[in-house]
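Structural features, examined
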Amino acid sequence: MEKINRNDLCPCGSGKKYKKCCGVSEAISITQIIENEIDELQKQILQFAYFHFGNEIQEDFEDLEEFIDIEHEQEREFYELIHAIWFTLFEELDDGERIIEKYIVAEAGKIKRPKLRQILQLWTDARVIAGKVIRAENNKLTVEDGLTSEQIDTIVANVTVTIEEGSFFIGIMVPYEQNYLFFPSPFDLPDLKPEHAFSYIKDSSLDADYETPQEYLTDFFMEVLSELPMVGGLLEIEEMDWPEPIYKEVADIVKAKLQSELPPPIVDTGIILWFNFCEKKKKRIQNPNLYAAALHYLLSTIVPLGEMVTQKDLALAYGVSSGGVSSIVSEMESVLSQEIAELIGLFYVVDDASSIPPFEKAAVIEFPNKRGPVEVKAVKKQTLSGPKAVKNNDKKVSQKISRHDEDQAQNIIFETLQTQGPKRYKLAQEALSLNPNCVDAYVILAENESSLEDAVLLYEKGMHIGEQALGKAFFEENKGYFWGLFETRPFMRAKFQYAESLYLLGKINEATQQYEELLELNPMDNQGVRDTLVVAYIDRGEYKKARNLMQQYDEESTQVSYNKLLLELHENGFTAKAAMMLKAAKKENKYVLPYLTGKKRLPVNPPDYYSMGDENEAIVYADRHLHLWRKIEGLGEWLKSIK
């Protein structure tokens with residue numbers, strides 16, 4: 001920076017003399033002040049968008065889901081965040097205006113710093129970009145637009161960029177003085193050759209009959225973002241510099257086994273892991289199939305492969321001993337511990353954004369997700385050895401924990417996301433031993449409790465710890481869009497499971513209060529609170545509240561259709577309106593009625609998953625609502641009379 005005279009106007013844009021403003025402390029960086037405020041401004045824009053236009057954003061995302069393949073909840077949350085940013089900056093609402101324009105009109109006048117206000121005014125000229133990194137230094141990037149060959153100076157607010165020079169990236173930018181600022185961060189794909197990505201975008205724009213690739217990229221940014229990881233196909237094993245020919249043979253075996261079953265990026269992940277192992281260990285290998293089986297198993301423990309496989313299964317498939325596979329897997333885990341940790345960060349959302357690369361950082365500011373297909377979680381009836389030790393009657397549940405222990409505990413929680421059975425709960429205990437304030441650990445341990453009474457204590461404790469960690473002021477300031485802030489997720493999960501357990505224990509009044517508080521914090525209701533709350537209201541005879549709630553969240557679904565009918569029957573009996581509602585409900589899911597009338601018996605355990613309109617959904621609905629339907633006298637005869 002040039003030297004500033006103490007009596008000059010402060011370059012931060014405050015309108016004050018430098019000596020009265022940033023010059024008071026020579027250690028203050030004016031650039032850093034602006035970047036801190038820009039980072040906060042981006043979050044405030046998204047909060048404004050969700051608070052005022054959450055329904056429009058969610059409806060558009062639901063339409064988008066028909067065109068992009070989302071397999072996991074964490075992946076959905078990432079795409080929801082980026083879609084919300086894209087929608088806010090580019091998509092016109094019914095009145096022809098964009099959300100960013102409405103934000104500027106409503107909020108720009110409240111911004112005290114003139115320079116920040118001027119920067120915001122330019123954000124109506126946002127652009128998307130697919131390009132190549134020319135230079136990278138700290139949080140500054142010089143990039144080349146792959147569609148126009150234009151070189152642009154950019155920054156990423158408050159993030160040290162780790163993208164390598166020459167790497168391909170895609171992102172959203174907003175004007176910043178004479179340059180551009182990424183919103184939120186560039187998403188790099190280091191294994192994708194830039195020329196392959198640019199060719200794909202240009203070819204796609206021609207196929208879609210667009211005049212320019214840039215217009216196509218702007219309109220179809222989300223689809224392109226989801227498809228780019230698949231561009232370019234598998235790694236060229238032949239071109240890799242293998243230390244020994246037999247190492248390449250192992251890679252060929254794994255590739256031949258997996259390439260017909262898994263997406264290319266996941267196969268590439270396995271090959272890269274193996275290449276790193278070979279460079280580090282330089283093992284003498286006699287049976288390449290043994291190492292191929294071990295690599296296959298290791299990959300299955302890191303990334304989602306669909307159906308679970310065991311070491312015994314893979315030993316049979318590759319014609320080797322399971323003992324040998326186990327031994328090599330252990331060695332690989334030890335040698336590749338750093339690479340494995342980084343891969344887990346790619347596949348699972350984290351709560352602490354301070355130590356992760358820009359690509360993953362984008363997934364941290366989490367926002368609402370679509371409801372369905374739905375994972376149904378029930379409290380498992382299993383014996384628990386050890387976790388009961390975490391229950392106590394301490395009034396002060398929150399403790400001060402070192403940052404290192406917090407991070408270690410959170411890393412363990414990441415591991416539980418891909419772990420089932422006793423190991424899952426052992427890991428949760430390890431997390432608690434490092435950080436007794438780890439809310440998610442309490443929720444995980446509660447899943448395995450032998451009784452609901454024990455589980456509800458763990459949920460309650462996790463909820464109270466999360467509440468204390470957030471603080472009263474945080475609740476007051478962020479009520480109304482709570483789920484949209486990543487810090488709230490553990491607390492919200494614990495509170496919801498606490499409410500569900502209370503309801504199953506017959507404590508309907510206490511459960512209702514929890515559900516109502518959840519909806520007050522998050523009216524968007526990403527957790528599906530409204531479905532159970534309607535049941536609770538009907539159970540308590542509060543029909544008006546049930547009707548108002550269903551009107552507030554009016555939608556076409558099995559839950560809503562059958563609950564509307566249920567409410568009508570409880571309030572008014574077998575009316576003509578009820579007959580019409582019955583026909584509408586049957587269109588949503590024809591499998592429900594046999595379970596309600598007793599023609600079909602409910603299974604002992606509800607299904608783990610269901611899709612809209614299938615029999616599993618009918619079982620889940622009947623399991624939760626059957627006691628209310630049984631209160632309706634003459635239901636069976638009435639149903640027979642409706643043709």
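Residues numbered from 1 in each chain as written. Predicted model: local features only at pLDDT ≥ 70, side-chain atom pairs only at ≥ 80, totals over all residues. Heavy atoms only, no water.

In the annotation of an unreviewed UniProt entry, the protein chain is listed under the name Preprotein translocase subunit SecA and assigned to Neobacillus rhizosphaerae. For the protein chain, the Subcellular location (unreviewed entry) comment in UniProt is given as "Membrane". (UniProt positions renumbered as here; feature names shortened; annotations may be inferred.)

Let's talk about helix 5 (residues 194-207)
Across its 14 residues, helix 5 extends 20 Å between first and last C-alpha, which sits within 8% of the 20 Å expected from 1.5 Å per residue. Among the residues making up helix 5, those that are buried are Pro194, Ala197, Phe198, Tyr200, Ile201, Ser204 and Ser205. Buried residues of helix 5, seen end-on, are gathered within an arc of 155° and therefore sit on one face of the element. Among the exposed residues of helix 5, those oriented more than 90 degrees off its buried face are Leu206 and Asp207. Residues of helix 5 that are buried make contact with strand 1 (127-137), strand 4 (168-176), helix 6 (213-219) and helix 7 (221-227). (Helix = DSSP H or I, 4+ residues; strand = E, 2+ residues; numbered from the N terminus. Expected span 1.5 Å × (residues − 1). Buried < 20%, exposed > 50% of the residue type's maximum accessible area, 1.4 Å probe, protein only. Arc of directions from axis to C-beta. Contact = heavy atoms within 4.5 Å.)

Side note on unusual backbone geometry
Of note, the amide linkage connecting Phe183 to Pro184 takes the cis form, showing an omega dihedral of 5°. When you line up the elements, Pro184 lands in the loop between strand 5 (179-182) and strand 6 (187-189). Residue Ser149 is not a glycine yet carries a positive backbone phi of 65°. Assessed through its relative accessible area of 54%, Ser149 is described here as exposed.

Some thoughts on the packing of helix 10 (residues 288-302) against helix 11 (residues 311-318)
The N-to-C vectors of helix 10 and helix 11 enclose an angle of 145°; their axes lie 9 Å apart at closest approach. As helix 10 runs across helix 11, the sense of the crossing is right-handed. Contact with helix 10, carried on its side by Asn289, Ala292, Ala293, His296 and Tyr297, involves Gln311, Leu314 and Tyr318 of helix 11 and no other residues of that element. Class assignment for the residues of the contact of helix 10 with helix 11 results in five nonpolar, three polar and no charged. (Axes fitted to C-alpha atoms, helices over the stretch in contact; angles between N-to-C directions. Left-handed = near helix turned anticlockwise from the far one by under 90°. Nonpolar A, V, L, I, M, F, W, Y, C, P; charged D, E, K, R; others polar.)

So, the packing of aromatic side chains
This structure, assessed with the given rule, holds 22 aromatic pairs. Judged by centre distance (5.1 Å) and plane angle (75°), the ring pair of Trp242 and Phe275 falls under edge-to-face. Placement of the pair is Trp242 in the loop between helix 7 and helix 8 (245-258) and Phe275 in helix 9 (residues 264-281), with a sequence separation of 33 residues. The class for Trp242 is buried, based on a relative accessible area of 10%. Exposure remark for Phe275: the relative accessible area of 14% places this residue in the buried category. Taken together, the aromatic side chains of Tyr247, Trp274, Phe277 and Tyr291 make up a single cluster linked through ring pairs. We note Arg127 situated over the ring of Tyr180; from NZ or CZ to the ring centre the distance is 5.3 Å. Over the aromatic face of Tyr318 sits the side chain of Lys257, whose NZ or CZ is 5.6 Å from the ring centroid. (Phe/Tyr/Trp six-rings, centres within 6.5 Å; stacked < 30°, edge-to-face > 60°. Lys NZ or Arg CZ within 6 Å of the ring centre and 35° of its normal.)

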